[in-house]
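# A structural walkthrough
Residues per chain, in single letters:
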Amino acid sequence: MNPGEYELVCNICQTRYPARSEYRLDCCPDGLLEAVYPQSFSVDECASGMWRFRSWLPVMSEGTTDAGSICFPAPELGSAVGLDDLWLSFSGYWPERGGACPTGSFKDLEVAPTLQRLLECGSPGVVVATAGNTGRSFAHFGRVI
């Protein structure tokens, strides 16, 4: 396998599938597909937002849309609750601090790479059966790609 590649392995029958060769959701009736990576986790500091983690996303290339959460220290809150080194994670829209979820939901972190993957697999479209945050994210990112 090349760097950044991974395989999907069925936890029941151990069948291995190259993950980026097709769009696969299942194998055996009671099995779950596990992603098995050939290398340890790494961050691409040259990329932005979620695409910094592209080697572990199910895409071949960086998408044209972006979403990203931020982590930052919260020393005052940490002190108030008795913690020496408290950090907060924020997944929403806060451009002044780098929060890049344009719909205000963490669902943006799932939808951007999903649509990129569908584009790369040649999908003619997608049906989303929700009117909640997932639907809002698909509507937003679907119109900008």
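This report concerns the structure included in the present document. (Residues numbered from 1 in each chain as written. Predicted model: local features only at pLDDT ≥ 70, side-chain atom pairs only at ≥ 80, totals over all residues. Heavy atoms only, no water.)

### Concerning unusual backbone geometry
Counted only if it meets this: The secondary structure listing takes helices from DSSP runs of H or I that are at least 4 residues long and strands from runs of E that are at least 2 residues long, numbered from the N terminus. Burial classes: relative accessible area under 20% of the type maximum marks a residue as buried, over 50% as exposed, and values in between as partly exposed (1.4 Å probe, protein chains only).
In this structure, Gln14 is a non-glycine residue whose phi angle is positive, near 65°. Along the chain, Gln14 falls in the loop between β1 (7-10) and β2 (16-18). On the basis of relative accessible area, Gln14 is assigned to the partly exposed category, the value being 48%.

### Section: the nonpolar core
Quick note on the threshold: To define a nonpolar core, start from buried Ala, Val, Leu, Ile, Met, Phe, Trp, Tyr and Cys residues and group those joined through side-chain atoms within 4.5 Å. Contact criterion: two residues are considered in contact whenever any of their non-hydrogen atoms come within 4.5 Å of each other.
Formed by Ala47, Met50, Trp51, Leu57, Val59, Ala67, Val111, Ala112, Leu115, Leu118, Phe138 and Phe141, the largest nonpolar core amounts to 12 residues. Residue assignment for this core shows that the elements contributing at least two residues are α2 (108-120) and α3 (133-144). In terms of residue count, α2 provides more of this core than any other element does, 4 residues in total. Not counting residues within four places of it along the chain, the set of residues in contact with Ala112 comprises Met50, Trp51, Thr65 and Phe141.

### Thoughts on the environment of Phe141
Its location among the elements puts Phe141 in helix α3. Through-space distance from the C-alpha of Phe141 to that of Asp66 is 8.9 Å; in sequence the pair is 75 residues apart. Beyond its immediate sequence surroundings of up to four residues, Phe141 is in contact with Thr65, Asp66, Ala67, Pro102, Asp108, Val111, Ala112 and Leu115.

### Focus: the sheet that holds β2
The test is simple: In this description, strands pair whenever DSSP reports at least two bridges between them. Each axis is a line fitted through C-alpha atoms, and for a helix only the stretch in contact is used; angles between axes span 0 to 180 degrees, taken between their N-to-C directions.
On the basis of which strands lie adjacent, the open sheet formed by 3 strands has the order β2-β1-β3 and antiparallel pairing. The open sheet is flanked by β2 and β3 (33-36), the only strands paired with a single partner. Within the sheet, the average angular offset between the axes of one strand and its neighbour, ignoring direction, is 30°. Here β1 pairs with β2 via 3 bridges, running antiparallel. Residue pairing in the sheet places Glu7 in a bridge with Pro18 of β2.

The values reported here are purely geometric and, on their own, carry no functional implication.
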